Amino acid sequence: MRHRRVGRSGLQTGVVGLGAWLTFGQSVDQAATTRILRAALDGGVTFLDTADVYGTGAAEAAWGVALEGAPREHYVLATKAFFPMSAHRFDRGLSRKHLCAALDASLRRLRTPYVDLYQCHRFDPETPVEEVVRTMDDFVSAGKIRHWGVSCWTAAQIEEAVRLARGAGREPPISNQPPYNLLDRAIEAEVLPKCRELGLSQVVFSPLAQGALTGKYLGGRKPPGSRAAQPRIAGFMDRYFEPQAAAATERLAAVAAQAGMPLGRLALAWCLRDENVASVIVGATSEAQLAENLAAADVVLAPDVLAAIDRALSPVHGAP
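First, a word on scope: everything that follows refers to the structure included in this document.

Rules and cut-offs
Every chain is numbered on its own, with residues counted from 1 as its sequence reads. For a predicted model such as this one, the threshold for reporting local features is a pLDDT of at least 70, and the threshold for listing and counting side-chain atom pairs is 80 or more; totals across whole chains, interfaces and linings nevertheless cover every residue. Hydrogen atoms and water are omitted, and side-chain values are computed over all heavy atoms in the structure. Labels follow the DSSP assignment, with helices taken as runs of H or I lasting at least four residues and strands as runs of E lasting at least two, numbered in each case from the N terminus. Radius of gyration means the value over C-alpha atoms here, while the globule rule gives 2.2 Å times the residue count to the 0.38 power. Buried means the residue's accessible area, taken with a 1.4 Å probe over protein chains only, is under 20% of the maximum for its type, while exposed means over 50%, and partly exposed covers the values in between. Throughout, a contact is declared for two residues whenever any of their heavy atoms are within 4.5 Å. Each accessible area is a Shrake-Rupley estimate made with a 1.4 Å probe; only the visible protein chains count as cover when residues are assessed. The nonpolar core is taken to be a set of buried Ala, Val, Leu, Ile, Met, Phe, Trp, Tyr and Cys residues, with the residues joined through side-chain atoms within 4.5 Å. By definition here, a helix of n residues has an expected span of 1.5 Å times n minus one. Throughout this description, the term salt bridge denotes a Lys or Arg side-chain nitrogen within 4 Å of a carboxyl oxygen of Asp or Glu. We call two N or O atoms a polar contact when they sit within 3.5 Å, provided that within protein one can donate a hydrogen and the other can accept it, with sequence-adjacent residues counted only if both atoms are side-chain atoms. Pairing of aromatic rings covers Phe, Tyr and Trp, the last through its six-membered ring, and needs centres within 6.5 Å; plane angles under 30 degrees mean stacked, over 60 mean edge-to-face, and all others mean tilted. Definition used: whenever NZ (Lys) or CZ (Arg) falls within 6 Å of the ring centre and also within 35 degrees of the ring normal, the charge is taken to sit over that ring.

## Focus: the overall build of the protein
Alright, step 1. Along the backbone of the protein there are 11 helices and 10 strands.
Alright, step 2. For 320 residues, the compact-globule estimate of 2.2 N^0.38 gives 20 Å, and the C-alpha radius of gyration of the protein, at 19 Å, lies within 12% of that figure.
Alright, step 3. If you line up the protein on its principal axes, its C-alpha atoms span 50 × 45 × 35 Å.
Alright, step 4. A buried classification covers 55% of the 320 residues belonging to the protein.
Alright, step 5. Contacts in the protein between residues far apart in sequence, at least 24 positions, make up 77% of those at least 6 positions apart.
Alright, step 6. Put simply, the protein shows about 13200 Å² of open surface, and 53% of that area lies on carbon and sulfur atoms.

Okay, structure coming up:
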């Protein structure tokens with residue numbers, strides 16, 4: 001497993017990480033969770049990403065059980081806070097009050113004294129950024145977190161946090177967690193350039209476009225049991241099935257076949273072509289699915305393959 005530094009810190013993550021959204025603690029039972037998580041660690045995965053809101057704490061709790069006995073120093077554990085954890089008005093957001101309670105609750109569920117990366121799951125317009133920076137710096141000083149990051153913040157919001165942190169001699173964020181894949185390249189306009197300038201890395205989610213870039217939905221198929229076949233989840237994927245995106249996916253599948261690899265492997269390797277992407281976060285509901293995703297860790301796409309990808313995407317993104 002290749003590793004990359006996260007931002008300007010000394011923290012390193014494996015280029016393929018394992019995430020928990022919609023799977024562990026929810027659609028995957030505890031026994032399977034433990035098997036998959038242990039298979040990930042055995043397969044070289046060192047970056048594990050979850051959030052308190054995933055299953056309203058169930059994902060963190062499931063991982064806490066699964067990680068019992070695994071050497072804590074051998075993996076990077078990340079979680080997040082922001083979204084409501086109950087109907088109470090104080091049980092959400094990035095206020096100091098909520099973050100202090102949320103972090104303590106996450107540590108209890110994860111059965112760990114600290115997390116390596118604590119992330120602001122979204123921007124909170126009701127909490128001053130200075131308060132967020134001060135709270136995160138205090139968590140670092142207390143030894144409850146090692147580093148902090150953000151998720152889905154704009155370039156301007158990231159810049160403000162870094163400016164305030166550095167100006168006050170406090171710990172700045174080292175990472176941003178946005179969606180990024182062949183069909184969703186929104187961060188390339190402003191967020192990526194600003195993060196490069198400020199020294200933040202990306203730990204990206206949805207690198208396979210919620211499974212649309214695995215090839216399982218080619219030709220409009222929606223196999224039983226897949227995300228697209230489940231009404232509760234399918235809405236997250238609708239944009240990837242719009243005619244223009246679906247046509248691009250068909251062209252990308254042809255590029256992958258010509259390159260001699262599955263579409264999903266091509267999609268993950270494409271994200272990792274950019275050194276600013278420290279890790280792509282994948283999901284898995286089985287050990288076989290995990291193994292296929294891990295196969296992308298050492299793939300470096302040749303220039304002619306990258307050019308073919310650009311041509312396949314040109315009607316969608318205006319690539320040359």
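## Side note on the nonpolar core
Alright, step 1. Counting residues in hydrophobic clusters, the biggest one holds 95 residues, and the most contacted among them are Leu18, Trp63, Tyr118 and Ile309.
Alright, step 2. It is helix H9 (residues 263-271) that provides the largest number of residues to this core, a total of 7 residues.
Alright, step 3. With residues up to four places along the chain from it excluded, the contact list for Tyr118 reads Thr79, Lys80, Ala81, Leu99, Ala102, Leu103, Met136, Phe139, Ile145, His147, Trp148 and Gly149.
Alright, step 4. Leu11, Val76, Ala78 and Ile281 belong to the second largest nonpolar core, which has 10 residues in total.

## Some points on helix H4 (residues 129-142)
Alright, step 1. Over its 14 residues, H4 runs 20 Å from end to end, which matches the ideal 20 Å to within 8%, given 1.5 Å per residue.
Alright, step 2. Taken as a whole, H4 has its buried residues at Val129, Val132, Val133, Thr135, Met136, Asp137, Phe139 and Val140.
Alright, step 3. Tucked inside the fold, the buried residues of H4 contact helix H3 (96-110), strand S6 (115-120), strand S7 (145-150) and helix H5 (155-167).

## Describing the pattern of salt bridges
Alright, step 1. Counting across every chain of the model gives 17 salt bridges.
Alright, step 2. Note that Asp104 is salt-bridged to Lys144, the shortest N-O span being 2.7 Å. Of this pair, Asp104 sits in helix H3 while Lys144 is found in the loop between H4 and S7, placing the two residues 40 residues apart along the sequence.
Alright, step 3. Salt-bridge contacts for Arg170 lead to Asp138; the nearest nitrogen and oxygen are separated by 3.7 Å. Of this pair, Arg170 sits in the loop between H5 and strand S8 (175-176) while Asp138 is found in helix H4, placing the two residues 32 residues apart along the sequence.
Alright, step 4. For Arg170, a relative accessible area of 27% translates into the label partly exposed.
Alright, step 5. Classification of Asp138 by relative accessible area gives partly exposed; the value is 27%.

## Considerations on the side chain of Gln119
Alright, step 1. Along the polypeptide, Gln119 turns up in strand S6.
Alright, step 2. On the basis of relative accessibility, which here comes to 0%, the residue Gln119 falls in the buried class.
Alright, step 3. For Gln119, the side chain forms a polar contact with the side chain of Gln177, separated by 2.7 Å.
Alright, step 4. Apart from the residues lying within four places of it in its own chain, the contact partners of Gln119 are Asp49, Ala78, Thr79, Lys80, Ala81, Gly149, Gln177 and Val203.

## Observations regarding the packing of aromatic side chains
Alright, step 1. Scanning the model with the defined rule gives 6 aromatic pairs in all.
Alright, step 2. When the centroid spacing of 5.1 Å and the interplanar angle of 85 degrees are considered together, the rings of Phe123 and Trp153 count as edge-to-face. Placement of the pair is Phe123 in the loop between S6 and H4 and Trp153 in the loop between S7 and H5, with a sequence separation of 30 residues.
Alright, step 3. Owing to a relative accessible area of 2%, Trp153 belongs among the buried residues under this scheme.
Alright, step 4. One residue, Arg72, lies across the ring of Tyr114, its end atom 4.2 Å from the ring centre.
Alright, step 5. The ring of Tyr114 is capped by Arg146, whose NZ or CZ atom sits 3.7 Å from the centre of that ring.

## With respect to unusual backbone geometry
Alright, step 1. Phi is positive for Cys152, close to 60 degrees, though the residue is something other than glycine.
Alright, step 2. The residue Cys152 is located in the loop between S7 and H5 in this model.
Alright, step 3. Taking relative accessible area as the criterion, Cys152 reaches 29% and is therefore assigned partly exposed.
Alright, step 4. In this model, Ser206 sits at a positive phi of 55 degrees, which is unusual for a non-glycine residue.
Alright, step 5. Following the sequence through the fold, Ser206 ends up in the loop between strand S9 (201-204) and helix H7 (231-234).

None of this, on its own, says anything about what the molecule does.
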